[in-house]
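Structure at a glance
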Amino acid sequence: MSLRTQVKFYYDILSPYAWFGFESLCRYQKPWELDLQFKPVNLKKIMIESGNAPPSASPIKVSLLSRDVQRVSEMMNLPYNPLKDFANSVFVIGSASTLKTLAACQILYPEHLEELTRQSWLGLYSRDIDITDKNHIRQFAESAGVPDVDRLLEFSLRDDACILLIEITTEALES
């Protein structure tokens, strides 16, 4: 009998690199005998608290990252399309309501968190849609097979989901 390796995967939907890591872990979960724990976090809060600047703060990094992300997505056979307005999607619209919905899913329907996370990434980086729009979140949840989407959306507005998101983000900062 082998012991499964526990992996805590902290992620924000805004990061295409997190999407690549997520899909890699999911692909190798069975052969590598991984016990994956998906943990949505607020990357903006982590960047602020850690004093880290986002890669987009450097024009040189922006140029390199856009080519790198395209190459990695092709290598992994993921349907990545560059965002038409990256700055608006990431820095203005953000991911807060989506992250709260993922936290709510972790509480109510943890067996659907993986697929809801995937559907959220596909919405952002394949279809370039506003992932914080309630109707889009509803579509993601329906595609993920969440049994009671209305309950999930209502719960995502409660303090419980927000508190869990804050706790996981703090846990990521302290680890």
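No experiment lies behind these values; they were computed from the predicted model shown. (Residues numbered from 1 in each chain as written. Predicted model: local features only at pLDDT ≥ 70, side-chain atom pairs only at ≥ 80, totals over all residues. Heavy atoms only, no water.)

**With respect to the packing of helix α6 (residues 113-125) against helix α7 (residues 134-143)**
Put simply, α6 and α7 touch, their axes get as near as 8 Å, and they point 135° apart. If you check the angle between α6 and α7, you find them oblique. Remark: the crossing between α6 and α7 carries right-handed chirality. Counting all contacts with α6, which are made through E115, L116, Q119, S120 and G123, the residues of α7 involved are F140, A141 and S143. Looking at the contact of α6 with α7, its residues break down into three nonpolar, four polar and one charged. (Axes fitted to C-alpha atoms, helices over the stretch in contact; angles between N-to-C directions. Helix = DSSP H or I, 4+ residues; strand = E, 2+ residues; numbered from the N terminus. Parallel < 35°, antiparallel > 145°, perpendicular 65-115°, else oblique. Left-handed = near helix turned anticlockwise from the far one by under 90°. Contact = heavy atoms within 4.5 Å. Nonpolar A, V, L, I, M, F, W, Y, C, P; charged D, E, K, R; others polar.)

**Topic: the pattern of salt bridges**
Here the idea is simple: oppositely charged side chains can pair when their charged atoms come close. Throughout the structure, instances matching the rule amount to nine salt bridges. Its salt-bridge partner being R118, residue E23 comes within 2.9 Å of it at the nearest N-O pair. On the criterion of sequence distance, the pair formed by E23 in helix α1 (residues 16-28) and R118 in helix α6 is long-range, its members being 95 residues apart. Judged by relative accessible area, R118 falls into the buried class, the value being 16%. Here K39 and E171 are joined by a salt bridge, their closest N and O atoms 3.4 Å apart. In this pair, K39 is assigned in strand β2 (residues 34-40) and E171 in helix α9 (residues 159-174), connecting sequence segments 132 residues apart. (Salt bridge = Lys/Arg side-chain N within 4 Å of Asp/Glu carboxyl O. Buried < 20%, exposed > 50% of the residue type's maximum accessible area, 1.4 Å probe, protein only.)

**Quick look at the packing of aromatic side chains**
Tallied over the full model, the rule gives twelve aromatic pairs. For the pair Y11 and W121, a centre-to-centre distance of 5.4 Å together with 40° between the ring planes defines the contact as tilted. You can see Y11 sitting in strand β1 (residues 5-11) and its partner W121 sitting in helix α6, a full 110 residues away along the chain. For Y11, a relative accessible area of 1% puts it in the buried group. Judged by relative accessible area, which is 0%, W121 ranks as buried. (Phe/Tyr/Trp six-rings, centres within 6.5 Å; stacked < 30°, edge-to-face > 60°.)

**Concerning unusual backbone geometry**
Of note in the backbone geometry, E33 takes a positive phi value of approximately 55° without being a glycine. Tracing the backbone shows E33 in the loop between α1 and β2. If you check the backbone angles, D128 has positive phi at about 55° while not being a glycine. Relative to the helices and strands, D128 resides in the loop between α6 and α7. In this structure D128 comes out as partly exposed when scored by relative accessible area, which is 21%.

**So, the pairing of β1**
Sheet analysis places β1 next to β2, joined by seven bridges and oriented parallel. Bridging across to β2, Y10 finds its partner in K39. Note that the unit made of β1, α1 and β2 has a crossover that is right-handed. (Pairing = 2+ DSSP bridges. Right-handed = clockwise from strand over helix to strand, strands pointing away.)

**Comments concerning α9**
With 16 residues, α9 extends 22 Å between its outermost C-alpha atoms, agreeing within 8% with the 22 Å of an ideal straight helix rising 1.5 Å per residue. Burial in α9 covers these residues: A161, L164, L165, I168, T169 and A172. When α9 is viewed along its axis, its buried side chains cluster within an angular range of 130° and face the same direction. In α9, the exposed positions angled more than 90 degrees off the buried face are occupied by D159 and E174. Among the structural elements, β1, β2, α2 (43-50), α5 (96-108) and α8 (149-156) are those in contact with the buried residues of α9. (Expected span 1.5 Å × (residues − 1). Arc of directions from axis to C-beta.)

**Comments concerning the environment of V7**
By the element assignment, V7 lies in strand β1. Excluding residues that lie within four positions of it along the chain, V7 makes contacts with L25, L34, D35, L36 and Q37.

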